[in-house]
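Spelled out from the first residue to the last, the chains are:
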Amino acid sequence: MADTWATLGADGVDFHLELTGSGSGVRKGLTDALREAVRSGRLAPGTRLPSSRSLAADLGIARNTVADAYADLVAEGWLTARQGSGTRVAERTVVRPVPEAAPRSRREQGLPAYSLVPGSPDLASFPRTAWLKSARRALAAAPYDALGYGDPRGRPELRAALAGYLARARGVRADPDRIVICSGISDGLTLLGAVLRARGLRSLAVESYGLDVHWNLLHRSGLRTTPLPFDELGTRTGDLAGLRAVLLTPAHQFPMGVPLHPDRRAAVVDWARRTGGLILEDDYDGEFRYDRQPVGALQGLDPDRVVYLGTASKSLAPGLRLGWLVLPTLLAAEVTSLKGGGGWSTGALDQLTLAEFITSGAYDRHVRAARLRYRRRRDALVAALAARAPAVHATGIAAGLHAVLQLPAGTEQSVVRAAAWQGLSLQGLSRYRHPDAVPDALDALVVGYGTPPDHAWSGALDALCRALP
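Residues numbered from 1 in each chain as written. Predicted model: local features only at pLDDT ≥ 70, side-chain atom pairs only at ≥ 80, totals over all residues. Heavy atoms only, no water.

Caption draft 1: Structural context of the overall build of the protein. Along the protein, the regular secondary structure elements total 13 helices and 19 strands. A globule of 469 residues ought to have a C-alpha radius of gyration of about 23 Å, yet the protein, at 30 Å, is considerably larger. If you line up the protein on its principal axes, its C-alpha atoms span 90 × 55 × 45 Å. The buried share of the protein, taken over its 469 residues, is 49%. In the form shown here, the protein has an accessible surface area of approximately 22100 Å², with 53% of it arising from carbon and sulfur atoms. Measuring between centres, the 56 positive side-chain charges of the protein sit 3 Å from its 46 negative side-chain charges. (Helix = DSSP H or I, 4+ residues; strand = E, 2+ residues; numbered from the N terminus. Rg over C-alpha atoms; globule rule 2.2 N^0.38 Å. Buried < 20%, exposed > 50% of the residue type's maximum accessible area, 1.4 Å probe, protein only. Areas by Shrake-Rupley, 256 points an atom, 1.4 Å probe, with all protein chains shown as cover. Lys, Arg positive; Asp, Glu negative; His and termini not counted. Charge placed at Lys NZ, Arg CZ, Asp CG, Glu CD.)

What follows is the structure, encoded as structure tokens:
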């Protein structure tokens, strides 16, 4: 007999039974299935079973067969049957294994007490109340079709909101029809890598320092990555001969923390125009700046040659899985087609909530508050270094959520190990160097000061200073 669903008791709860046998063997199959459901805990003690008539109708078998099976299990002690109470799973003592004593602290578990690994904001400061208000308003106003499969590019409400916000805050020239909502930068790079590979691209230039997860995504798309040299002015964009595409973080290079020099910004756009090349602009930390005027998006210089990639991962939370691509006209249709054909989707309700969050002004208010909070942390970091580790120099601190701490030559790995002894998770600069980049002699730490919640920030800072030379 095939697997069968039954409805249990007055609660109308679906319950799956796997019946075996046919003819006279159906009774034994039902008895075995119910016994196993009780033994395994799928039917908890005290659960009321349906009447024999109801269960027989659900299973498509004779009522007497169910009654006989119930009688067998009552006799064995698995079930009880009382007048007016129906048939229930018998109460019984369950012997549970005694768990080993769990360690109480993160240190006892071998976990760091603090983390200064970059790449995440302070998740404890997520604006829950404001987000919930936006979610309620968005859901109340949502049309019925918002809950359908929808446009592969994403909800039009969010694309329109982003077009306005990005133009105002980042200098992006965005038409809502050329915006595609995705699940973050990694999702966007996966889409772009597949489209570029289908166009015949074989390799892509990248910065010599960056995120290996991004390089690996491009590699899985069939693209080689060629690192570009780096100096105090940022990535050297004059070394693009023979290449057709480049991935950059021009507003705040990750992890080195410097903006791309204006001359090099102009040079890379000129290269793209002359050669038909394509620039992929990851606007990393573009919204968080402290001691300098904001650097506008590179995309504003030439929307036909630059793909703009943005995300809510740093400004709000990575768990939202919300990002966006602003695409040149020629790429928009191809990316949309790939996204629609692959079933890649982002939750409509979260999109509508973010659209409401932006248009209501709540997003701007949250970013301003976050900017002040992270600036205070940055200032505390600089002050602590000056007082307790004056030989360590912090760079890349004019913007973003991390700093690069330059160390004496040959000390990077020993400091990372010392930090671990202090219960602090840290990463050295070498962790972010492209494997094909020319090695340099720079020893440094990449310290993310956005990650700890406020109550843990001073403890993390103390642990860092104790680990520094």
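Caption draft 2: Up close: the packing of helix H1 (residues 26–40) against helix H3 (residues 63–76). Running from N to C, H1 and H3 point in directions that differ by 45°, and their axes come no closer than 9 Å. Relative to H3, H1 is oriented oblique. In the packing of H1 onto H3, the handedness of the crossing is right-handed. When H1 is examined against H3, the residues Val 26, Arg 27, Leu 30, Thr 31, Leu 34 and Arg 35 are found in contact with a partner set consisting of Thr 65, Val 66, Asp 68, Ala 69, Tyr 70, Asp 72, Leu 73 and Glu 76. The residue inventory of the contact of H1 with H3, partitioned by class, reads seven nonpolar, two polar and five charged. (Axes fitted to C-alpha atoms, helices over the stretch in contact; angles between N-to-C directions. Parallel < 35°, antiparallel > 145°, perpendicular 65-115°, else oblique. Left-handed = near helix turned anticlockwise from the far one by under 90°. Contact = heavy atoms within 4.5 Å. Nonpolar A, V, L, I, M, F, W, Y, C, P; charged D, E, K, R; others polar.)

Caption draft 3: How the structure looks around the nonpolar core. Core analysis: the largest hydrophobic core is formed by 59 residues, its most contacted members being Leu 316, Trp 324, Leu 354, Leu 405, Leu 445, Leu 464 and Leu 468. Take this core: its biggest share by element is eight residues, from helix H11 (residues 362–388). Setting aside chain neighbours within four positions, we find Leu 468 in contact with Leu 385, Ala 389, Val 392, Leu 407, Val 415 and Leu 445. Grouped together as the second largest cluster of nonpolar side chains are 25 residues, Leu 189, Val 195, Ala 245 and Val 307 included. (Core = buried A, V, L, I, M, F, W, Y, C linked by side-chain atoms within 4.5 Å.)

Caption draft 4: Spotlight on the sheet that holds strand S15 (residues 393–395). Taken in spatial order, the four strands line up as S15-S16-S19-S18 in an open sheet, and their pairing is antiparallel. The strands lining the two open edges of the sheet, one partner per strand, are S15 and strand S18 (427–428). Relative to strand S16 (residues 402–406), S15 runs antiparallel, the two sharing three bridges. Bridge assignment links Thr 395 to a residue of S16, and that residue is Val 404. (Pairing = 2+ DSSP bridges.)

Caption draft 5: Geometry of the layout of surface pockets. Estimated volume of the largest pocket: approximately 540 Å³. Looking at the largest pocket, it is lined by 35 residues, and the ones nearest its centre are Gly 119, Tyr 284, Thr 311, Ser 313 and Lys 314. Breaking the lining of the largest pocket down by element, the ones donating at least two residues are helix H5 (156–170), helix H6 (185–198), helix H7 (212–220) and strand S13 (306–311). Residue contributions to the lining of the largest pocket peak at four residues, all from S13. Residues belonging to the lining of the largest pocket are distributed by class as follows: 15 nonpolar, eleven polar and nine charged. (1 Å grid on protein atoms, 1.4 Å probe; cavity = no way out; pocket = protein on both sides within 12 Å on 5 of 7 lines; lining within 4 Å. Points joined across faces, edges and corners; volume = space filled by probe spheres on them.)

Caption draft 6: Looking closely at the pattern of salt bridges. One pass over the full model with this rule turns up 27 salt bridges. Here Arg 170 makes a salt bridge to Asp 283, at a shortest N to O gap of 2.7 Å. Remark: Asp 283 occurs in the loop between strand S12 (278–282) and S13 and Arg 170 occurs in helix H5; sequence separation between them is 113 residues. Residue Arg 170 is classed as buried on the basis of its relative accessible area of 3%. Relative accessible area serves as the criterion here: at 11%, Asp 283 is assigned to the buried category. One continuous salt-bridge network, built from bridges that share partners, spans Lys 28, Asp 32, Arg 35 and Glu 76. (Salt bridge = Lys/Arg side-chain N within 4 Å of Asp/Glu carboxyl O.)

Caption draft 7: Just the environment of Leu 218, in detail. As for its position among the elements, Leu 218 is in helix H7. As for Leu 218 and Tyr 144, which are separated by 74 residues in sequence, their C-alpha atoms are 37 Å apart. Those residues in contact with Leu 218 that lie beyond four places of it in its chain are Leu 189, Gly 193, Leu 204, Val 206, Leu 223, Thr 225 and Leu 247.

Caption draft 8: Highlighting the packing of aromatic side chains. Tallied over the entire structure, the rule returns eight aromatic pairs. Sitting above the plane of the Tyr 432 ring, Arg 431 keeps its charged end 5.4 Å from the centroid. (Phe/Tyr/Trp six-rings, centres within 6.5 Å; stacked < 30°, edge-to-face > 60°. Lys NZ or Arg CZ within 6 Å of the ring centre and 35° of its normal.)

Caption draft 9: Focus on the pairing of strand S19 (residues 444–448). Where burial is concerned, most of S19 is hidden: five out of the five residues are buried. Neither face of S19 is left uncovered, since the one carrying Ala 444, Val 446 and Gly 448 and the one carrying Leu 445 and Val 447 both have all their residues buried. Judged from the five bridges that link them, S16 and S19 form a sheet pairing that is antiparallel. Bridge pairing in S19 links Leu 405 to Leu 445. Alignment of S18 against S19, held across two bridges, turns out to be antiparallel. Residue pairing in the sheet places Gln 427 in a bridge with Val 446 of S19.

Caption draft 10: Representation of unusual backbone geometry within the structure. The linkage connecting Phe 254 with the following residue, Pro 255, adopts the cis geometry, with an omega of 5°. Within the secondary structure, Pro 255 sits in the loop between strand S11 (245–248) and helix H8 (262–275). Residues other than glycine seldom take positive phi values, yet Asp 285 does so here, at roughly 60°. Structurally, Asp 285 can be placed in the loop between S12 and S13. Its relative accessible area of 7% is what places Asp 285 among the buried residues.

Caption draft 11: The environment of Pro 250, seen in detail. Position of Pro 250 relative to the elements: it lies in the loop between S11 and H8. For Pro 250, a relative accessible area of 1% translates into the label buried. Separated by 75 residues in sequence, Pro 250 and Asp 175 have C-alpha atoms that sit 22 Å apart. Once residues within four sequence positions are removed from consideration, Pro 250 is found in contact with Pro 259, Leu 260, Arg 265, Glu 281, Asp 282 and Leu 298.

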